[in-house]
Amino acid sequence: MSFGENSESLQLMKRKLALVAIPLDIRGGAETILKLVAQALARRPDWDVEIGFLGSQAAGDAVGPLQDEIRRSYGFGGGKAMSELLLAPRLIRHRYDLVFSSHTRVNSFLAAARSIGVLRSRRLVARESTVLLDRFNGPRALAYRALYAAYGSQDMVVAQTSYMNERLRDVLPRRAIDKLCTLPNPVDEDLIVKMSTEMLAEDDAKMISRRPQIVWCGRLIEVKRPTIAIDVLAEVRRRTGEDYELSMVGAGPMEAELRAYAGRFDLASRVNLLGQRDNPFPLFRASRAGLLTSAIEGFPNVLLEMMACRIPGIVTTPCAGDLDTLSGLEISAGFGALEIADALLKVMHAGDRSALYGETLSERSPGRFADMLLGAPSPYPGGSQ
């Protein structure tokens, strides 16, 4: 081995090793945060980063582009319950400086694996994706309580909001409560701004040119309440007589139901079901208002993405904690279509609010978030609990 090769090998040996564990190579709120952390660490010259997917590789590039420096490893099957056990042989081979995950059953498995020595990591951080016991009850809630019982060997358990922090205190064991802190989600503003300036697709440009668009983004599932968005569109048009369209970005099992529902209101030509988009940000940027209608969220990252695209007005239901800390956002008084329409009309008639978003976005850089995962003091009031 030459001196140069030996020097390079020593340099690689000194690099810190991070594992970011994700069930599947899919797009979603938690997956976006995990990817942002992986990218923030990979940009640092002293870190070697691996994203470990529990399931097999999905068709296409579901998680999106990553730096060449980030390695990917895959397991088998659909990444569902018990697939985390197949992660064990991959863990034994390495000693990590950071292991980070964000799904409760993965968090639980990694905590147990560290307790018995299967996982060797200088730092283990678990992030909570949602307030599970607000969403589920019965046998499923009991199963989640059993998963939480394994927590405790982590160095940090991350809640996204102060509300989530308080709810977790009802289910975590004492040894885990002592590690609990609140860290607001990061957003890569620079990347989103860059992606938002790409040219609109021809069909989108035609859609934008014919009427002002209200953009909604999320999975087409019950908890996101996409039918309420159509109710809101109907109410806004009824009250104002103005001809708006609703552009819905996302895929899911309710698509056929939504088409039929829009037809029932004679709004089939005013509701655009656009499916999943690799880059919805040019459409966000060109829309008149952003809308979120969810019943409950851990924290809706799409709001931060809409803010980064400088949508003139953004409305959300009170579906998560700490939404009142997002400068310029309008929160509806309740979850009904009339209350959401009130908030939407308020932002559409009040002028452009996008200048107010900067303060929120500047506090949420991925690099800053990664620093806090590594133990840097939180700059947020009540960040450490």
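Above: the structure in question.
What counts as what
- Residues numbered from 1 in each chain as written.
- Predicted model: local features only at pLDDT ≥ 70, side-chain atom pairs only at ≥ 80, totals over all residues.
- Heavy atoms only, no water.
- Helix = DSSP H or I, 4+ residues; strand = E, 2+ residues; numbered from the N terminus.
- Rg over C-alpha atoms; globule rule 2.2 N^0.38 Å.
- Contact = heavy atoms within 4.5 Å.
- Lys, Arg positive; Asp, Glu negative; His and termini not counted.
- Charge placed at Lys NZ, Arg CZ, Asp CG, Glu CD.
- 1 Å grid on protein atoms, 1.4 Å probe; cavity = no way out; pocket = protein on both sides within 12 Å on 5 of 7 lines; lining within 4 Å.
- Points joined across faces, edges and corners; volume = space filled by probe spheres on them.
- Pairing = 2+ DSSP bridges.
- Axes fitted to C-alpha atoms, helices over the stretch in contact; angles between N-to-C directions.
- Core = buried A, V, L, I, M, F, W, Y, C linked by side-chain atoms within 4.5 Å.
- Buried < 20%, exposed > 50% of the residue type's maximum accessible area, 1.4 Å probe, protein only.
- Parallel < 35°, antiparallel > 145°, perpendicular 65-115°, else oblique.
- Left-handed = near helix turned anticlockwise from the far one by under 90°.
- Nonpolar A, V, L, I, M, F, W, Y, C, P; charged D, E, K, R; others polar.
- Salt bridge = Lys/Arg side-chain N within 4 Å of Asp/Glu carboxyl O.
- Right-handed = clockwise from strand over helix to strand, strands pointing away.

S.K.: Before we move on, could you go through the overall build of the protein and cite the residues and values that matter?
M.R.: When helices and strands are counted, the protein shows 17 helices and 13 strands. Rg of the C-alpha trace for the protein: 22 Å, near the compact-globule value of 21 Å for 385 residues, within the 12% margin. Projected onto its principal axes, the C-alpha coordinates of the protein cover approximately 75 × 50 × 40 Å. Restricting the contact set of the protein to residue pairs at least 6 apart, pairs at least 24 apart contribute 72%. Positive and negative side-chain charges in the protein, numbering 48 and 46 respectively, have mean positions lying 4 Å apart.

S.K.: Which residues make up empty space enclosed by the protein, and what values do they have?
M.R.: This model, assessed by the stated rule, comprises 1 cavity of 30 Å³ or more. In this model, the largest cavity occupies a volume close to 70 Å³. Along its surface, the largest cavity is lined by T130, V131, L132, L133, Y148, M164, R167, L168 and V171. Only α5 (132–135) and α7 (162–168) provide two or more residues apiece to the lining of the largest cavity. Considering every element that reaches the lining of the largest cavity, the biggest residue donor is α7, with 3 residues.

S.K.: Residue-level account of the sheet that holds strand β5 (residues 124–127), with values.
M.R.: One open sheet holds the 7 strands; their spatial order is β3-β2-β1-β4-β5-β6-β7, and the pairing between them is parallel. Edge positions in the open sheet fall to β3 (71–73) and β7 (180–182), since each of these has one partner strand only. On average, adjacent strands in this sheet sit at an angle of 20° to one another, irrespective of strand direction. Here β5 pairs with strand β6 (residues 156–159) via 3 bridges, running parallel. Paired with R127 across the two strands is V158, which belongs to β6. Along the sheet face, helix α2 (residues 29–42) touches β1 (16–22), β2 (47–53), β4 (98–101) and β5 and points at about 170° away from the line of β1. Here helix α4 (residues 104–115) sits on the sheet in contact with β1, β4 and β5, set at roughly 160° to β5.

S.K.: Please set out the nonpolar core residue by residue, giving values where relevant.
M.R.: Residues I230, V232, L246, L291 and L344 are the most contacted members of the largest nonpolar core, which totals 31 residues. Ranked by residue count, the leading element in this core is helix α15 (residues 337–349), at 8 residues. Among residues more than four places away in sequence, those in contact with V232 are L291, A337, I340, A341 and L344. The next biggest cluster of nonpolar side chains, apart from the first, holds 28 residues, and it includes V215, L304, M307 and I311.

S.K.: Now, about the packing of helix α11 (residues 226–240) against helix α12 (residues 255–264): what can you tell me, with residues and values included?
M.R.: Between α11 and α12, whose axes approach to 10 Å, the crossing angle comes to 20°. Here α11 is positioned roughly parallel relative to α12, judged by the angle of their axes. Considering the relative orientation of α11 and α12, their crossing is right-handed. Facing α11, whose interface residues are P226, T227, I230 and D231, α12 presents E257, L258, Y261 and A262. Taken together, the residues of the contact of α11 with α12 break down into 5 nonpolar, 1 polar and 2 charged.

S.K.: So what about the sheet that holds strand β9 (residues 245–249)? Which residues, and what values?
M.R.: Strand order in the open sheet made by the 6 strands is β10-β9-β8-β11-β12-β13, with parallel pairing throughout. With partners counted over all chains shown, the strands left at the sheet margins are β10 (271–275) and β13 (330–331), one partner each. The pairing of strand β12 (residues 314–316) with β13 spans 2 bridges and is classified as parallel. The partner of T316 across the bridge, within β13, is I331. Across the face of the sheet, α11 comes into contact with β8 (213–217), β9, β10 and β11 (289–292) while running at roughly 165° to β9.

S.K.: Pulling in residues and values, what's your account of the pattern of salt bridges?
M.R.: Oppositely charged side chains may form a pair once their charged atoms are brought near each other. In total, this model carries 26 salt bridges according to the counting rule given. Salt bridges here are not isolated pairs; linked through shared partners, they connect R210, R211, R237, D243, E245 and R270.

S.K.: Provide a residue-level description of the environment of G75, including the pertinent values.
M.R.: Structurally, the position occupied by G75 is in the loop between β3 and α3 (88–92). With relative accessibility at 12%, the residue G75 sits in the buried group. Along the backbone, G75 and G328 are 253 residues apart, and their C-alpha atoms lie at a distance of 43 Å. The residues touching G75, leaving out its near neighbours within four places in the chain, are F53, L54, G55, S56 and R90.

S.K.: Explain the packing of α11 against α15 residue by residue, including any values.
M.R.: Relative to each other, α11 and α15 sit at 60°, their axes nearing to 9 Å. Comparing the axis directions of α11 and α15 gives the class oblique. Once α11 is placed against α15, the crossing between them reads as right-handed. For the pair α11 and α15, the contacting residues are I228, D231, V232, E235, V236, R239 and T240 in the first and A337, L338, I340, A341, D342, L344, L345, M348 and H349 in the second. Looking at the contact of α11 with α15 residue by residue, the class counts come to 10 nonpolar, 2 polar and 4 charged.

S.K.: Now, about the pairing of β1: what can you tell me, with residues and values included?
M.R.: β1 sits mainly inside the fold: 6 of its 7 residues count as buried. Note: β1 against β2, 7 bridges, orientation parallel. Considered in β2, the bridge of I22 is made with F53. Viewed along the sheet, the connection from β1 through α2 into β2 turns out right-handed. Looking at chain direction, β1 and β4 are connected through 4 bridges and run parallel. Of the residues in β4, the one forming a bridge with A18 is L98.

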